[in-house]
Amino acid sequence: MPLTAGIVGLPNVGKSTLFNAITQSQVEAANYPFATINPNVGVVEVPDHRVDTLHEMFNSKKTIHTTFEFTDIAGLVKGASKGEGLGNQFLSHIRECDAIVHVVRCFDDNEITHVEGTIDPLRDIEIINLELILADASSVENRLNKVERKAAQKDKDAVLEFHVLKRVYDALMAGKSARSVEMASDEALVVKGYNLLTAKPVIYVANMSEEEIGNPEANAYYQIVKKFAESESNEVIPICAKIEEELAMLEAEEKKEFLNDLGIQESGLDRIIKTTYHLLGLSTFLTAGVQEVRAWTFIKGMKAPECAGVIHTDFQKGFIRAETYAYDDLIALGSEQAVKDAGKLRLEGKEYQVQDGDVLHFRFNV
């Protein structure tokens, strides 16, 4: 289904360095604005200890984690909504993404220039957000002019569209995001069709120095970003992009030792992947057997036949039943046979809403 998160920020904040870590590939991360011209897409594994545990329990020949896509988008600058710095092209790349990962510079380094000349996280955030707001305001204004005439003629759909777009437009002109506008489900469906930049869910990534990442709370810049994120009910994740890039090149045991030395339980990259994954309402079901243990992505609320279709369209077309049990029950009871003996294995039909951590086996006929 692939959903993707776009990594945005001003030039030289650490986006491409973070992207190198995400993909373990070497996209250009030069010390000048617009080093990244074309968007780069990287596919990453979603960390999930359950896959490794099932692999050990079933002694499977193969394990496959579920994946997620990140797009590295070139640095935006002031005036991007008017085309500055190839801004229109970059904004269109963001529009194609489902969520935004906003990287903010939270470190001092005289060797790395800042496009605005000084380090000011709040100003940097507001520059990016304003460009997204201005781009959305232009799109909504154009549509309002077209739909207003139909609304005046009492066209039911046009009236609904006009009223919700007017509320969105008013919010944008007040410097607020489309996300901030409360909408009924039918209104949200209308707005979704416009793929507005400020309607997309956001997480902030505070990129700080190697010396400070062990205790991010002591970083004054991080506290500024954290306070702003909280005001929007968004999350902020502290990272050191340079360290993440180094970690990505290490084997699992070396990575664990490196993190222990830093006093960090989990890499920033793993947190970004998992947080973004869940931000988009994604969950994981599992299939397990001797041949293969595999994690599969589905959208929360999907029913059993739709999840069967994630594996293969034939599974959905010919869906009969889903045999399922919870991963937690398997761990608690120790084996699949014990799950069956305890009556925890269930047969579910077409209306069953799949839950995160369900271990599924689909019965189908084509």
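Calculation notes
- Residues numbered from 1 in each chain as written.
- Predicted model: local features only at pLDDT ≥ 70, side-chain atom pairs only at ≥ 80, totals over all residues.
- Heavy atoms only, no water.
- Salt bridge = Lys/Arg side-chain N within 4 Å of Asp/Glu carboxyl O.
- Helix = DSSP H or I, 4+ residues; strand = E, 2+ residues; numbered from the N terminus.
- Buried < 20%, exposed > 50% of the residue type's maximum accessible area, 1.4 Å probe, protein only.
- Contact = heavy atoms within 4.5 Å.
- pLDDT = per-residue confidence, 0-100.
- Expected span 1.5 Å × (residues − 1).
- Polar contact = N/O pair within 3.5 Å; in protein donor to acceptor, adjacent residues only side chain to side chain.

Enquirer: Quick rundown of the pattern of salt bridges? Include the residues and the values.
Expert: Per the stated rule, a full pass over the model turns up 16 salt bridges. Among the ionic pairs, Glu292 bridges to Lys62, the shortest N-O distance being 3.6 Å. With Glu292 in the loop between β8 (282–288) and β9 (293–299) and Lys62 in the loop between α2 (49–58) and β3 (63–64), this residue pair connects regions lying 230 residues apart in the sequence. By relative accessible area, which is 23% here, Glu292 ends up partly exposed.

Enquirer: Describe the side chain of Asp124, listing the residues and the values that go with them.
Expert: Examined against the element boundaries, Asp124 turns out to sit in helix α4 (residues 121–152). Here Asp124 is in contact with Leu10 and His114, once residues within four sequence places are set aside.

Enquirer: Which residues make up the confidence of the model for the protein, and what values do they have?
Expert: Mean pLDDT over the protein: 88, with 91% of residues reaching 70 or higher. When mean pLDDT is taken per element in the protein, helix α13 (residues 327–333) scores highest with 97 and helix α3 (residues 87–95) scores lowest with 70. Considering only residues more than four positions removed or in separate chains, one finds that residues 25–37, a stretch of pLDDT under 50, has 36 contacts.

Enquirer: Quick one: what's the story with helix α5 (residues 156–173), residue by residue and with numbers?
Expert: Owing to its 3.6 residues per turn, the α-helix brings residues three or four apart onto one side. Between its first and last C-alpha, α5 extends 26 Å over 18 residues, near the 26 Å set by a 1.5 Å rise per residue. Along α5, the residues that are buried comprise Ala158, Glu161, Phe162, Val164, Leu165, Val168, Tyr169, Ala171 and Leu172. As for α5, its buried residues are in contact with α4 and α6 (185–192). Capping the start of α5, Asp155 holds a side-chain oxygen 3.2 Å from the backbone nitrogen of Asp157, two or three residues further along. Of the residues flanking the end of α5, it is Gly175, one or two places downstream, whose phi is positive at about 85°.

Enquirer: If you had to explain unusual backbone geometry to someone new, which residues and values would you point to?
Expert: For residues besides glycine, phi is generally negative; the peptide bonds are generally trans as well. In the Ramachandran plot, Asn12 falls in the positive-phi region, its phi being about 65° despite a non-glycine side chain. Within the element layout of this structure, Asn12 appears in the loop between β1 (4–8) and α1 (15–23).

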